[in-house]
Structures are given as C-alpha cells and as structure tokens.
Amino acid sequence: MTVLDNQNTINYQSGYLIYNKDHIFKGKILSKNPFQIAEICFNTSMTGYQEILTDPSYKFQFINFTFPIIGIVGCNEKDYESWKIHASGMICNEIPYLSSNWRSEINFADWIIDQNSCAFFDIDTRSLTKIVRDLGPKNIMICNDQYFKENGIDNLLKQISDSPTLEQNDVIKDFTDELSISKFNESSEKLSIGFLNFGAKENIKQNLIDRNCNLFEFDMNFKAQEIIEKNLDGIFLSNGPGDPKNVYKNIKEELDKTLKMKIPTFGICLGHQILSLAFNAETMRMDKGHRGGNHPVKNLKNNTVEITSQNHGFVVSDKNFPEDLEITHTSLFDGTVDGMKAKNQPLFSVQYHPESSPGPHDSRYLFDEFINLINANAS
Amino acid sequence: MRMPARKDISKILVIGSGPIVIGQACEFDYSGSQACKALRNEGYQVVLINSNPATIMTDPEFADKTYIEPIEKEIVKKIIDKEKPDAILPTMGGQTALNIIRELNRDNYFLDNPIKILGASPKSIDVAEDRELFADAMREIGLETPFSIIVDDSYDLEKLSNEVEYPLILRPFYTLGGTGGGIVYNQEEFVSKVQNAVDLSPVSKTLVEESLIGWKEFEFEVVRDRLDNSIIVCSIENLDPMGVHTGDSITIAPALTLTDKEFQNLRNQSIAILRKIGVETGGSNVQFAVNPKNGRILIIEMNPRVSRSSALASKATGFPIAKIAALLAIGYTLDELENDITKVTPASFEPVIDYIVTKIPKFNFEKFQGSPKILNTAMKSVGEIMSIGRTFKESILKALYSIEGDNYGFDLSHELLNLKDESLREELKKQRPDRLLLVAESIRRNIDLKEINVLTHIDNFFLREIKEIIEFEKNLVKVGVNLDIEILIEAKKLGFSNTHIANLCKINIEQIYSLLKKSNSNTVYKRVDTCGNEFESSTAYLYSTFIHEENQYSCESRPDNRDKIVILGSGPNRIGQGIEFDYCCVQAVKSFQNMGFQTIMINCNPETVSTDYDTSDKLYFEPLDFEFVKNIIDKENTNGEVKGVIVQFGGQTPLRIANKLKENGYKILGTSFDAIDISEDRERFQKLIDKVGLKQPKSDFSLGTKELIIKSSKLNFPILLRPSYVLGGRMMEKMNTLDDVQSYIDQNYWALENNVILIDEFLKDAKEVDVDILRDNDGNTMIAGIMEHIEEAGIHSGDSACCIPPFSLSDNVIKTIKKFSISLSQELNTIGLMNIQYAIKDEEIYILEANPRASRTIPFLAKAIGIPFIKIAAELIAGKLLTSEQINFNPESLSYFAIKEAVFVFNKFPNTDVILGPEMKSTGEVMGIDDSFDIAYLKSQIAAGQKLDNIKNIFISVKDDDKEEISVFAKLLEDNDFNLYTTRGTFDFLSKKGIKTNLINKVAEGSPHVVEYIKDDKIDLVINTTENKQAIKDSFTIRRTSVDLNIPYYTNLRSSKILVKSLISLKNNEISVKAIQNHHNN
Ligand SMILES: Nc1ncnc2c1ncn2[C@@H]1O[C@H](COP(=O)(O)OP(=O)(O)O)[C@@H](O)[C@H]1O
Ligand SMILES: Nc1ncnc2c1ncn2[C@@H]1O[C@H](COP(=O)(O)OP(=O)(O)O)[C@@H](O)[C@H]1O
Ligand SMILES: [Mg+2]
Ligand SMILES: [Mg+2]
C-alpha cells in the first residue's frame, strides 16, 4: 500500500483473514467494521474491478483478485453495474493510494470506505487462490487486529463455522428487499421485454435498451398474470446471487405459468440456471467456480470459440439432461454446460455474461439472437 | 479431438530473419526455431534459409535442409527451384522474410508458381506495410489513424502551413535513425523544419503527421485461426509515451492504466484490424496511441507477423505465440491445440497473469561517437531484459538489477550527479535513454511529481511507484546500521535486493541474511502459469518474489530429488555479447539433459531460446546477479543436489559472478575459476605466456590516468589503450601519438579513473587468427578450428570477417599455432572450451588474448563444419573424455570455405564514422559457404547487405602504403572493364602504372566532387582506406554518404582485394546454393 509521507495516508489497520485453523493470513484491512464473514471466491479478471464489485451476483462473497494490483484506475460513476458494492469485500495483493486515469472520479481505497465495504490486502493472494482451489469455497472471516486479539482464534473459528452458508443465506431475498423497481413507461414502437431482475447487471439492461427494447422490470415476487396481461414481446431472466434452487422454489409456480405462454425467453447466468431447473434439469455447486474474463466457450452450432466473462459457483448438470432442452455451448476449460435452448419453444439461455462488463465482447451477438427470436416469433 | 492438419502440403520453406541488427534480433531465432520444431513434430519437412550462423535455428538438427545463404530474392528462388517446397512460412522471419515475399510478389513470381504462402497473403502484407493503404483500410472500418501526409518538393509549404493543425511530427523517409525528424509546434516553424526534413531524405520525402508525443502507447498481441477465432495473448503498456520507439521504451505487461471499458475497446479494434488486413492465421501485433486526457484512440500500425513484442508477450504470459502461430498456419484451430503450460486447458483462451512484467532496453550509444544520445521514433537499442515481480516496484527494481548497466539500481552515473536542478529539468524533457534514472534523481531532489509528469508525460501511476522506491531508498540510508527486521522486510517487499540494501545502509550483506533467517520471511518462487493459479501448472517456469509470511503454498519451485546442473545465460544482448552465447547455452542444456541431469536455466533476456520454458527442465527468469543465482541454488539444494554451475557458455556475464560463486563454496564445473583469473590477470597471464614460450606485444599498465602518459611514452607508438575487464574491446583505442593519449583521457575520464588501464604496442599489418580448442579432464585436446581473419589485426575480431580453413597461413604457422594452443590449454587446465586470438606478423606468432570459455566463433564453426562442439564441450565438463576421432580431427581438411562476416548498424547512428578499430561495433554476423573461396566471400558480403549484383563504377582512394598493392587489383578491374574513379593521389599513382581511371575532385576541391558522384549514384562501390586524423576527417563524408545511401564500401585493403577477386570470378561463375547438411556429408 502506498504510504507517502507527503500525502495524507489512508487509515488501514492490520488485520487477519481466517480461512480455517491452518490457513490464517496476516495482512492489512480497510474497513469500518471490526469483522466480516462471507464465502470466499477468486476472480482472475485483470480489468474491471469496479464492475465486478458492484455485480449483485457477488452478494455474501469475498472476492480474491488474482491480479496483484487493484485500484490503479480508480472508480467512476459510469462503471457501476448496480447502485452499490454487493460483494462483502475484496482481497488483493496491493492497493495504490491514488488513482491514475482520466475517467477516475474517486480513489479506489476511498471508494471502498465510502461504500462501507471492506478491502483486505498485502498478503500472498496467489497461495490463497491455491487454497480455495484445493480446499474449496467456504465461509471465512476478515477482521481487524483488535477483534482478533479480543476474541481469540478458537472463538473466531467457531463464529465462522456457526455462520450460515451461502445456501442457507437468503441472499436473493436481501437483494429483492433493496431493489427499487424502475417505473414502467409504455412505448409502442419499442419491443417490450419483461425483465425479471434477480440481481441484474446494468449492462444487460443497456444491451437490451440499445437494441430498441423497452424494459418492464419485475423482481422475484412477480406474478405471471401481470406479465401475461401485458402480452410482452419477450421475457428476460437475469443473473443474480446465491443458489438457483433457492430462487427457483420461490418463483416456481409463477414462472411455470409464464413459460407456458411460450413467449420468447432469454436467460443469463442465474437466469439460465432457473430456466434449466424449470425444465427439470439439475443444478449443483462447483468445486471452485468460474470467475474471470478469459473463459473459452465452444459454440456447438458453428464450432467457434467465444472468450467470455464468467461468474458462477453453481452450474447446470449435464447428467440426465432434460429431453426438451439442447446444449448449445460448453466450457472449453472443464466441459460444463454453458448454454442451452428449448426444443419446443423460443427459449435459450447462457451460463456466462454476454453483456461482459467487465470482459470481452465476443458474445454480445446473443442479444441480437434474442431480438431475432422475438421478431421471428412475431411474424 | 485433433483434426488432421493440412494434407495438401508436406514440405515447408521457413524464412529466417538473417543477421542480428537493431530492430531485428534473436527474438526471430526464438520464433523461427519454435516454428521449425512445431512443424517437424507434425511430420512436415522443413527447409530453412537463414544467413545467420549464430542462431539456434540454423543448427543442422532443426530443419531437414538448412541453407545458410544470403536471404535475397534470387537466392530464395534458387532454393525453391532446388527443394520444390509446397509452401512458404514468411511470418517468422521479421521484416526480412515479409520483404522477400513482397519482392517475389512484385515479380509476379506467385502467379506461375503453385507454392502456397502460409499465415499472411502478399496482399495483406502490402496493406499492413504500406502506410497509405493501411490508413485507408482503417478508415473503412471506422478506425482512426493519425493525420498524416507525405510531403515532397512539389508541395507549397506556405500554403500547407495554413491548412494543418499543430503540433506535427516529421518523419523523413529513409533518413537513418530518424534524423531530420522532430516536432513542429507552430506555423512559424513549419516551412523551415519541413523543408529541412525533405532535404535530408534521400528520396526527398517526409511524413508530416499529427504529433502524438506524450500520448500513451499500447501494444496488443493478437492470435487468430482459420475459423476467425481471435484471442488477445497480452497487452503491453509503454512506460515511455509516444515519441520513443516501442523497441526503445520501457514496457510493462499487462497494460495497467486502462479501465475495462477502454481495454475492451482496444481489444475489439485489434481483432477488427486483423480481420480487415486479412491475417488468415497466426500472430499479429497492433500498436495504439491513447490520449491520456480523453481516451481518444489512434492506430499507429500493425505487424502481420510475430515480432519483438510477441516474443516478449510469449515470455510474459507463457503462451508460445510463434509455436501456436505455426500450428494454426497448417490448419489447426485454437481449441484443437493444448495449453502447453497447464496441459489441461486448450490454447483457445486469453492468458491471465498475476504478476507485473517489465522490459528495459539495452543501449550501446557509447560505441557510436558523434551520434546524439537521444531516443526518437527510430529504434536504437541493441538488446533488452525482462523481469517479473508481484508488484510494479519489485518488477522494475529486478529489471534494473538485470540490465548490467554501469550503475546499480536507480543510481545516476557520476557525471550527472552534479547537474543543477534546472538543467535536470531540461534533461528530463529530452528523450534520453537514461530518462528513468533522471526521473528517480528528480524525485530524490523532491521535484514535484506533477512537474515531472508534465516534462516526461510518464503516467502518474508509474511516477508514484518510483517515488515510493526512492522514498524508501532515503529511508534505508537514514536507518543505516540500525536496520531492523521490520524495515528490512518492508524493503524486501518493495523489491530491494540484499546487495542494494547493504549498499544503501552501508552494512555487511551477511547481517541481512542473518536478520532474515530469524524471520518467517523468505524469497520464494512463483510459477508463470497463464492462468493466475486457477489450474495446476506442470511447467517449472519460475520467478522470485518476497513473502513476509511463508506458508506451504508460497513457494512453487518444488525441487526434485535429482542431480542438477545450473546453466547461467548471457543476459541482455549488447555489442560484443549476443545470440551466439544463447546458442551455446541452449546446446549445453540439451547435452546435459541427454546425460541425465536436470537442467536449470537462469537468464533474463526475453528474446532468447534459452528463456523458452521448454528448453530446460526448469527456467528461472531472474537477474544474472550473484544474489539471485545464490538463492536459486540454495533452494534447489533443499532437495536433490546441484552438481555444479556452468559459467562457460554465457559469455562474460557469468564470469563476472564466478568469483563470488567460488568464494561462497558453490561448485563451478569445467575450467576452474583460477584459470579464468589467470587469463584476465595481466601479470599471471604474462608468466604463463613466458612459460609456454609465446610472444606477446610489448605492454604495460597504468593505475588510473595519472601515470598513463609517462607509461605510454615508454612504449613504441602506435599503442592500444583500454580499461581492463571489458568485453568487446569497449573503449579500446589505437593511439598514434601522446596527444591522442591525452584526448583519450579527457574523453573517458570517469570510466578510466578508478580502473586499471592496459597499454599494448600495436602490431601493424599483422594477420589475426582465432582458435577454438576443447580439452578434457585427461588433457586430451581437440582443435575445433583455426580461423584466419580477412582484415588485419587492429580490427576487433568480432568486426572482421574470418575464414575456415585458413587461406594464406603457412603450414608452419598453422602447426605452431596448434602447438601453442594445446600447451596453453594444458597449462590453464581448461575443461571444455577455450578461445585464443593470435596476431601473426612476418611469420612471428603473438598472442593477443585467451578466453577460457565458449567464444563468439564456436557456433559458426559448429555450423560450418557440422560438429556439435558445444554438446561435446558439455560432455567434457561432465567428465567424459574425447574420442580418438575427435582428438585427431583436422579442421584444415575441409573441402569448402566458410566465411563469417560481421554486420553493422551504422545506418541507425548518423554522423558516426564507420572506420573499424579495436573496439567492437558489429551487432550481428552472417556466413557465406561455398566450394570456392571467392564465392564464399561474395555470399558473405551479399548476406551482410552489400548490393553487389551489378557493379560497374568503382571509386578508389587509398592511403599511400596501400597504393602499390591496390594497383595490381586496379589493373584486374580495368582488364575486366569496370570503370574506375579516383582522386588525385591515387589517380597519379595508377596512371604511372598505366592504369586509366577517371579523376574526380575530393570534397575539399569543390564541385563536382566524389560525394556528389555518390549521391547521384554514379558510383556502385567505394574502396577507401585512410590513415592519419586529418585524412580520416576529410574522407568522412565519403564513407558516411555510402552508408547512408547503402552503397557498398570497403575501408580495408585486405578485404578490398578479396572483394575485387570475388567480383571478377562472379563474372564467369554464377552463385549456386547448397544445404549445409550436404556440405557436411561429403
Ligand atoms: N504521430 C506520431 N507522433 C508521435 N510519435 C509517434 C508517431 N507515430 C509513431 N510514433 C512513435 O514512433 C514509434 C515507431 O513508429 P512505428 O510506426 O511503430 O514504426 P516501426 O515500424 O519502426 O515500429 C512508435 O512506437 C511511436 O512511439
Ligand atoms: N597489440 C595489438 N596489435 C594490433 N591489434 C591488436 C593488439 N591487441 C589487440 N588488437 C586488436 O584488438 C582487438 C580486440 O582485442 P582483444 O584483446 O581481443 O579484446 P577483446 O577482449 O575485446 O576481444 C583484437 O581482435 C585485435 O584485432
Ligand atoms: Mg512499431
Ligand atoms: Mg578478442
């Protein structure tokens, strides 16, 4: 961390990252709170930390950035993917104090504090990545020196093991409670899309809006009736935090009713998992998850490769994969299902993030395909 | 899952890049040899052409047929006729290879020839290379290039000056090293500056471009396959903004100061450009300028081939661009190829890195007196190093430890230390090669970063990081002997080396080691794995970093329980030490592997094959500094055993630390350190020489400059001066008078002051000979070759051409040389290789020096003769003995001639004289091989870039001593009806001999004079030898103009004579080509 005597240094404290009793890291912490518990994951993206931290899918997660310096280009109004940081905090090797980029409006460290978030740094993040890779994701604690000393390691370990897991946490509910739905505004000349927001990234909306769509936003508690009444041109299911099964059981009935209408439908990430579940596919926990901006995906239609932005810890299983669905994309890293389409209705979804932000734009064509699907259905 | 590669081709011609010159160095040996390997693994036959015998790729095993012939259109045609390849791969040999394709294409060669061109089509090459076509292409896909027009005499500059926007940058065509270039800030300056630029251009044309000086510069390395799958392998940010050539810039990977929005924009544009230009498969490099104030993006250029930066990108990421590009060229797609490093993921992904890579260029300005020490848009650096660290600070410090500069870390050289702040500010504005150190000094003097940013345009992020280092530097000086573990750990985390800390604190380095021992803080090794540790990596490509709390995962070195050999590389290329030593290291590695050792390579030069992760069993990409080497050996010794360190193959660099290695009890294999010391210690060497019964030129030495004058006056002039312990005859100069000595002192005071200066009597008109000899543990020896130099002693062995077998030495001399060489290696107890240089004057043999290590010439011998001398040397070092066959090998028995010629880069350094002397100036070498001596020489000249195809008009002006001899050859030329042009002296002399020549004026005598003749290309060849200072001054413009206009010139009598003979025999023989494998087999 930059500590230049001629600048007002920022007030970090020394602190600890507790993975388990064998793996405790001493580092520096930047946070208003004495401690913080969440599940750890790692992300290999080399750019776009602001977009990542503000992606609602990261609720109740600490993100360990494998890239060693985070914060160089600061933060700005334009690069939010939602209204705030949703991740529980971030971990990295080094944080420069001042930002350097013409788009920057606030220094990264200041932003973390303003957002009442938490940054833990000055540790060997590469070996932490290895630990997560080998021993898997789990709840960990990041706390400051004082809290560590006051409670002692045994209590802290207990505190961690007593804490609810990501699955037990109703992250989707928390998100939905905070979410403020934007007002509908009818518009005849645009395509009307029912936008089911389970933790959507701004750029997904942007990509649809750029394609002349008018979004009617709903949260998890939507009613099929409302959607059907509007006789919308298309339906979109967004990405979001947590275990897809939790979300699905909340919305099962309403969703099934909606899907029966065979309105053109597109899903991304959590949306993809939910749709798969709706067709009786199975979803499961991944050992370490996919998080980064370099993931190669094979498009089985035309045999080409897309470099994609990914962020998921759950995945649709290809074991006894439903008859009515067809796998359209697979991960070239581990062969997992990365995309599917329905055989008997205009519906498709992908596990990765075609809106990217951050990440490569290779897959933006999927939004066009959604529009084509709608137009084809109309005619 | 692998589709079979293209079946319609079976034989592929790979074109290399030829001699090492500025802008085209051994990165193309790296890419070329990777390509050859990959293609042969796929079962293709590979035919290779490359004129450079120092390369790894020209080793006979790398291709089915290896043509070490000039890379020239007609020669290439001959090879194609002979070998009938199905396809050419031109994207591995840099500009040279692309140009061959363009030239053949202009001849419509491909219309009636079915041969396929892999990678990039002639058309796409043209679009990429031609600035205007390129700009149009960019416009068509909606991308911006800088405003740019080509201005020649036809323009009305006054009028133009009203129409353009300022500032502008001028880039005159074909002026060397960017001379005449510069910035036009306003309308007032426009006319004069542009006119000047036009005048300076040989073709009277200049680019007038929107000046982007100070903009950020980025490079993207893109790889594309036949299905249009494109990936960005690496992004590179130039720390030195636009205005300094990327090859001369300090560069950082990955790009650090871009937001994702900007990065993706550049990514999209890069891919769009490849599609537009039509690079079907392979790697390309795209260069961007980005306005730091508003993010505006302009395209500078794209190279439709692998490049210097793709080599850097490969090393920076672990993604082997050239190898993959070669496989894509023969039809694979990215997802069909595996990621070499992880072995579990495909090549169709974008590498992520979790460290910071820094490249720093190496300059040799000191060798080109008279040329301004300023960087511009034309490349000037002769080599580079790369460093890897977990932070920028660690990375840049390691880079400074790797560069082998004159001073340590961020220290400033003496003469700059007492700059006034004001002049320091002035210097910052200039694009000096040492700008980074000036920045550091400015920070030391508390000059505000904002101001430094305004003066240098270096991004604030980098400036702040450097400030952190400098602040801590101060801190350490303050702390001094009171250094405690907390501060030490902070320093180590910042990236300071123990040596550096010891220097700053003025304490013993042992204290630092003992402090560290008490802590849990350690130097550990991380892997370059292309994936940020997302997957396990089975490849031991390692770099060091410092961890303040080590855990079981911190260190990924994982030493195996095996017998290990550590091979030290040769660091950055520089004049005097280059690719030839990398060839030696790589050969040695292979040899030790075959003998069952685990090989551990340590080197920091990203251009090389030795730093390819699949060359050695383990690669440590680290500075070749004792401390870093020690740490590696200690780590490797924690499991298994390091049997020894090899210092013999990396040139002078490993020898520098041999001493410390020995002192600290590390085993040096092969020749003992003592022998190395004898060869470098004047007195000890003297004794040895006497013992062997050899002569040495009369000599003396002087401690510092005080006694230099007196000591010099005691010897017979001319004399040679040089500081001891230098390579490539650095600062070695011939003195004709005492005045010369005085001005030598004045010029080099700082370098000489605390140094021993060696004084030798100069042997006039002596033949020079290089000998390479191998010796085993039992004292058996093998003479690898006796090379007779073309130029006489006095011209550095690295700069003069040399020939095997000798062409004018008497049998007796050869016999005696062998005898002396053998007894020398016996006395020194060398094990492995030794190189000896002799001068022969009137049948008398003098020794000039002996180097108990691999030499610049041994790779040449290996290629010319076809015996793997390095491999053998490695075996001897490991304890094997020479076979009787090897002992009895007689290098004179060759049935053909192989001539090694030096290649120079004077064209990049305006205003420096091209006369050669005892200080080495060449950057590269070529080989000419043929049954006829004359043709072999001719080939070497053509390969070196001389245009000798239709010589008609020859200018001759020689010093008096040479007139008698040259007259014989003038006669020959006259008889073969060449037109001779001479100036007064030579004219009269030749007239007396009845040789008719055309008299023309010396420059001093006024127009029409010789230089004008040359400029109006009425002269095809210049033969010009000169002696004393005045004559040299007067004839300077003759030589310089020849270089500038690329007209063949010869400044040495012996080479001129041989050239003349060759030209004449060319009249009645035509050049034929022959693969070295065929030469060797009979
Ligand atoms: N318009 C310009 N203004 C300022 N600097 C420039 C401009 N164009 C090129 N340069 C500088 O010159 C260098 C070399 O230019 P480039 O077109 O890449 O030639 P080369 O083919 O030698 O690489 C670039 O790396 C850049 O730093
Ligand atoms: N006494 C001498 N007389 C003439 N030429 C010499 C003499 N000593 C050295 N040279 C020339 O200087 C060159 C460099 O000298 P050398 O001792 O080989 O230095 P380096 O270590 O740089 O090779 C030699 O190749 C030779 O041509
Ligand atoms: Mg360039
Ligand atoms: Mg020498």
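Criteria and cut-off values
- Here the residue index of a chain counts from 1 through its sequence in written order.
- All chains are assigned letters beginning at A, and all ligands numbers beginning at 1, according to the order in which they are written.
- Local features in a predicted model are, by the rule used here, given only for residues with pLDDT of at least 70; side-chain atom pairs are given and counted only at 80 or more, and totals for whole chains, interfaces and linings are based on all residues.
- By convention in this description, side-chain values take in all heavy atoms of the structure and omit both hydrogens and water.
- A run of H or I in DSSP becomes a helix once it reaches four residues, and a run of E becomes a strand once it reaches two; helices and strands are each numbered from the N terminus.
- The globule rule is 2.2 Å times the number of residues to the power 0.38, and the radius of gyration it is compared with is taken over C-alpha atoms.
- Three labels apply to residues, based on accessible area from a 1.4 Å probe with only protein chains included: buried if under 20% of the type maximum, exposed if over 50%, partly exposed otherwise in between.
- Should any heavy atoms of two residues lie within 4.5 Å, those residues are considered in contact.
- Counting rule for charge: Lys and Arg are taken as positive, Asp and Glu as negative, and neither His nor the chain ends is counted.
- A charge is said to be at NZ when it belongs to Lys, at CZ for Arg, at CG for Asp and at CD for Glu.
- Predictor confidence is given residue by residue as pLDDT, running from a minimum of 0 to a maximum of 100.
- Keep in mind that water is not among the atoms, so a site may look incomplete; donors are the N, O and S atoms within 2.8 Å of the metal, or 3.2 Å for Na, K and Ca.
- A pair of strands is labelled paired if DSSP reports no fewer than 2 bridges between them.
- In this analysis an axis means a line fitted to C-alpha atoms, helices contributing only their contacting stretch, and an angle means the value between N-to-C directions, from 0 to 180 degrees.
- Summed over both partners, the accessible area (1.4 Å probe) lost when two parts come together is defined as the buried area.
- The rule for a salt bridge is simple: a side-chain nitrogen of Lys or Arg has to be within 4 Å of a carboxyl oxygen of Asp or Glu.
- N or O atoms closer than or at 3.5 Å make up a polar contact, with two conditions inside protein: a donor-capable atom paired with an acceptor-capable one, and, for residues adjacent in sequence, both atoms drawn from side chains.
- With the strands aimed away from the viewer, a crossover counts as right-handed if its path from the first strand over the helix to the second runs clockwise.
- Residues with no salt bridge and a relative accessible area higher than 30% make up the patches, which join like charges within 9 Å and nonpolar side chains (Val, Leu, Ile, Met, Phe, Trp, Tyr) within 5 Å.
- Note that accessible areas follow from Shrake-Rupley with a 1.4 Å probe, and for residues the cover is restricted to the protein chains shown.

S.K.: Any chance you could explain the overall build of chain B here in plain terms?
M.R.: Summing up its helical and strand segments, chain B has 37 helices and 38 strands in all. For chain B, the C-alpha radius of gyration of 29 Å lies close to 31 Å, the compact-globule estimate for 1082 residues. Along the first, second and third principal axes, the C-alpha atoms of chain B reach 85 × 75 × 70 Å. Split into buried and exposed, the 1082 residues of chain B put 66% on the buried side. The contacts in chain B between residues at least 6 apart in sequence include a share of 71% that link residues at least 24 apart. Distance between charge centres in chain B, computed from 126 positive and 157 negative side chains, equals 2 Å.

S.K.: Help me out: how do you make sense of the confidence of the model for chain B in this one?
M.R.: Detail in the predicted coordinates should be disregarded across regions flagged by low pLDDT. Taken as a whole, chain B shows an average pLDDT of 94; of its residues, 99% reach a score of 70 or greater. Both scores are given for the predicted complex: the pTM is 0.96, the ipTM 0.97.

S.K.: Even after reading the chapter, I still don't get the coordination of the magnesium ion (ligand 4), so can you show me in this structure?
M.R.: By definition of the ideal shapes, four donors in a tetrahedron about a metal sit 109.5 degrees apart, and six donors in an octahedron sit 90 or 180 degrees apart. All names here are of chain B. Protein ligation of the magnesium ion (ligand 4) involves Gln837 (OE1), Gln837 (NE2) and Glu849 (OE), the donor distances falling in the range 2.0 to 2.7 Å. One end of the pair, Gln837, is in strand 30 (residues 832-841); the other, Glu849, is in strand 31 (residues 844-851), and 12 residues separate them in sequence. Judged by relative accessible area, Gln837 falls into the buried class, the value being 8%. A residue is classified by how much of its surface remains accessible, and Glu849, at 27% relative accessible area, is partly exposed.

S.K.: Would you take a moment to explain the sheet that holds strand 28 (residues 781-789) of chain B for this structure?
M.R.: All names here are of chain B. Overall, antiparallel pairing links the 7 strands, which are arranged 31-30-27-28-29-32-33 in an open sheet. Looking along the sheet, the strands with just one partner apiece sit at the ends: strand 31 and strand 33 (924-930). Neighbouring strand axes in the sheet, compared pairwise and without regard to direction, differ in orientation by 25 degrees on average. The pairing of strand 29 (residues 802-804) with strand 32 (residues 897-903) spans 3 bridges and is antiparallel.

S.K.: Can you help me understand the interface of chain A and chain B in this one?
M.R.: Put simply, an interface is often sized by how much accessible area is lost when its parts join up. Taken residue by residue, the interface counts 59 residues in chain A and 63 residues in chain B. With both chains or domains summed, chain A and chain B bury close to 5,200 Å², and 52% of this area falls on carbon and sulfur atoms. When the area that chain A buries against chain B is broken down by residue, the three leading residues are Trp102, Arg126 and Phe333 of chain A, summing to 15%. Counting across the chain A and chain B interface gives 12 salt bridges. Here Asp529 of chain B ties to Arg126 of chain A by a salt bridge, and the two come within 2.9 Å at their closest N and O atoms. Taken together, the links from chain A to chain B amount to 33 residue pairs in polar contact (both at pLDDT 80 or more). For the side of chain A that touches chain B, the secondary structure elements donating two or more residues are strand 2 (24-31), helix 3 (125-135), strand 12 (283-299) and strand 13 (304-316) of chain A.

S.K.: What am I meant to see in the sheet that holds strand 36 (residues 998-999) of chain B here?
M.R.: Pairing between the strands of a sheet is mediated by backbone hydrogen bonds and can be parallel or antiparallel. Residue and element names in this part refer to chain B. The 5 strands are arranged 36-35-34-37-38 in an open sheet whose pairing can be described as parallel. Strands with a single pairing partner mark the edges of an open sheet, and in this sheet they are strand 36 and strand 38 (1049-1050). Direction of pairing for strand 37 (residues 1021-1024) relative to strand 38: parallel, over a ladder of 2 bridges. Within strand 38, the position partnered with Ile1023 by the bridge is Tyr1050. Lying over the sheet, helix 33 (residues 984-992) contacts strand 34 (953-957), strand 35 (979-982) and strand 36, oriented at roughly 125 degrees with respect to strand 35. Against the sheet, helix 36 (residues 1053-1068) contacts strand 37 and strand 38, and its axis sits at roughly 150 degrees relative to strand 37.

S.K.: Help me out: how do you make sense of the coordination of the magnesium ion (ligand 3) in this one?
M.R.: Residues and elements named next belong to chain B. Coordination of the magnesium ion (ligand 3) by the protein comes from Gln287 (OE1) and Glu301 (OE), over a distance range of 2.2 Å. With Gln287 in strand 13 (residues 282-290) and Glu301 in strand 14 (residues 297-303), this residue pair connects regions lying 14 residues apart in the sequence. Here Gln287 falls in the buried class, since its relative accessible area comes to 7%. Judged by its relative accessible area of 27%, Glu301 falls in the partly exposed class.

S.K.: So what exactly am I meant to see when it comes to the pairing of strand 1 (residues 11-15) of chain B here?
M.R.: Strand residues, when the strand is regular, have side chains that alternate between the two faces of the sheet. All names here are of chain B. Among the 5 residues in strand 1, 5 count as buried, and that is most of the element. The two faces of strand 1 match: Lys11, Leu13 and Ile15 on one face and Ile12 and Val14 on the other face are all buried. For the crossover that starts at strand 1, traverses helix 1 (residues 27-41) and ends in the parallel strand 2 (residues 45-49), the hand is right-handed.

S.K.: Would you mind going over a negative patch on the surface with me for this structure?
M.R.: On the surface, Asp765, Asp842, Glu843 and Asp961 of chain B cluster together into a negatively charged patch. With respect to the helices and strands, Asp961 of chain B occurs in helix 32 (residues 960-975).

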